[in-house]
Amino acid sequence: MSTSFQNIKNLFNEYICIYIGLSPPNKNIDENSLLPRINGLAYENIAHYIELSKIIVDHLNKDEIRYKIRLFHIIDSLFKNVGKSYIDFISQHLFTSFKECFTFSDLEDRILLFRIYYTWKYIVPLEITEKIRIDLKMDDFKEMAMKDFGREIKACDEFNEMQRKKILDSETKIKKQKPEILIGKKRNISNKINLFESNIK
């Protein structure tokens, strides 16, 4: 591993530690710039996504719950702004920490975690979101949360609908490709729509 990439890893971890509260604020770094900085490093070094993802997974496995809840902000931001490579790796390590945080947090943080989970409907692999939904009884929690947080959950539904339309748009573009390219891609996207369609409330 080159010295320059080791420096990038150290900087990536430094930003994470400051954001989640493991390290004190840095007076030279605006707190509002931390997520964009983390996303930027992740995107610019996507060829090394495994090494950067492992830093996040290491925090998931070792940090206390109060830090992990902030870490889920970072994970959510990476999933939605950087995308597939990080989703594929990190999502396989999510469940245990998500369950721990959701189970032992107060209502405010549980609402926050629910909103993160709920907007992963079209982003994170179905087997992960379904495991969370079933094991943590998220359907029951949604019904309860609607009483006091209906507006927030409605906003999540709107986000999910935008993601659904993106998938449909992708399918439309694929239809314009050559038939031999279309076969495999169309099947994958159509299956994803069909699987998630049944879960939309």
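Everything quoted here is computed from the prediction, not taken from an experiment.

1. Thoughts on the overall build of the protein
Then, in step 1: The secondary structure content of the protein amounts to 10 helices and zero strands.
Then, in step 2: Ordered by position from the N terminus, the helices and strands of the protein form the series α-α-α-α-α-α-α-α-α-α.
Then, in step 3: Scored against the burial criterion, the 201 residues of the protein give a buried share of 44%.
Then, in step 4: Here the analysis covers contacts within the protein between residues at least 6 apart in sequence; of these, 71% occur between residues at least 24 apart.
Then, in step 5: Total accessible area on the protein stands at roughly 11600 Å², and carbon and sulfur atoms take up 51% of it.

2. Here we look at the confidence of the model for the protein
Caution applies to low-pLDDT parts of the model: their predicted coordinates are not meant to be read in detail.
Then, in step 1: Averaged over every residue, the pLDDT of the protein is 86; the share at 70 or more is 85%.
Then, in step 2: Helix 10 (residues 179-197) is the least confidently modelled element of the protein, averaging 48 in pLDDT, while helix 3 (residues 49-62) averages 97, the highest of any element.
Then, in step 3: When the criterion is pLDDT under 50, residues 189-201 qualifies, and its contacts beyond four places in sequence or with other chains add up to 27 contacts.

3. Digging into the packing of helix 4 (residues 65-81) against helix 6 (residues 95-104)
Then, in step 1: In the contact formed by helix 4 and helix 6, the axes pass within 10 Å of each other and the chain directions differ by 115°. Helix 6 is crossed by helix 4, and the crossing has left-handed handedness. Side by side, helix 4 and helix 6 meet where Ile65, Lys68, Ile69 and Phe72 of the first sit next to Ser97, Phe98, Glu100, Cys101 and Phe104 of the second.
Then, in step 2: For the contact of helix 4 with helix 6, the per-class residue count stands at six nonpolar, one polar and two charged.

Reading the values: the criteria
- Residues numbered from 1 in each chain as written.
- Predicted model: local features only at pLDDT ≥ 70, side-chain atom pairs only at ≥ 80, totals over all residues.
- Heavy atoms only, no water.
- Helix = DSSP H or I, 4+ residues; strand = E, 2+ residues; numbered from the N terminus.
- Buried < 20%, exposed > 50% of the residue type's maximum accessible area, 1.4 Å probe, protein only.
- Contact = heavy atoms within 4.5 Å.
- Areas by Shrake-Rupley, 256 points an atom, 1.4 Å probe, with all protein chains shown as cover.
- pLDDT = per-residue confidence, 0-100.
- Axes fitted to C-alpha atoms, helices over the stretch in contact; angles between N-to-C directions.
- Left-handed = near helix turned anticlockwise from the far one by under 90°.
- Nonpolar A, V, L, I, M, F, W, Y, C, P; charged D, E, K, R; others polar.

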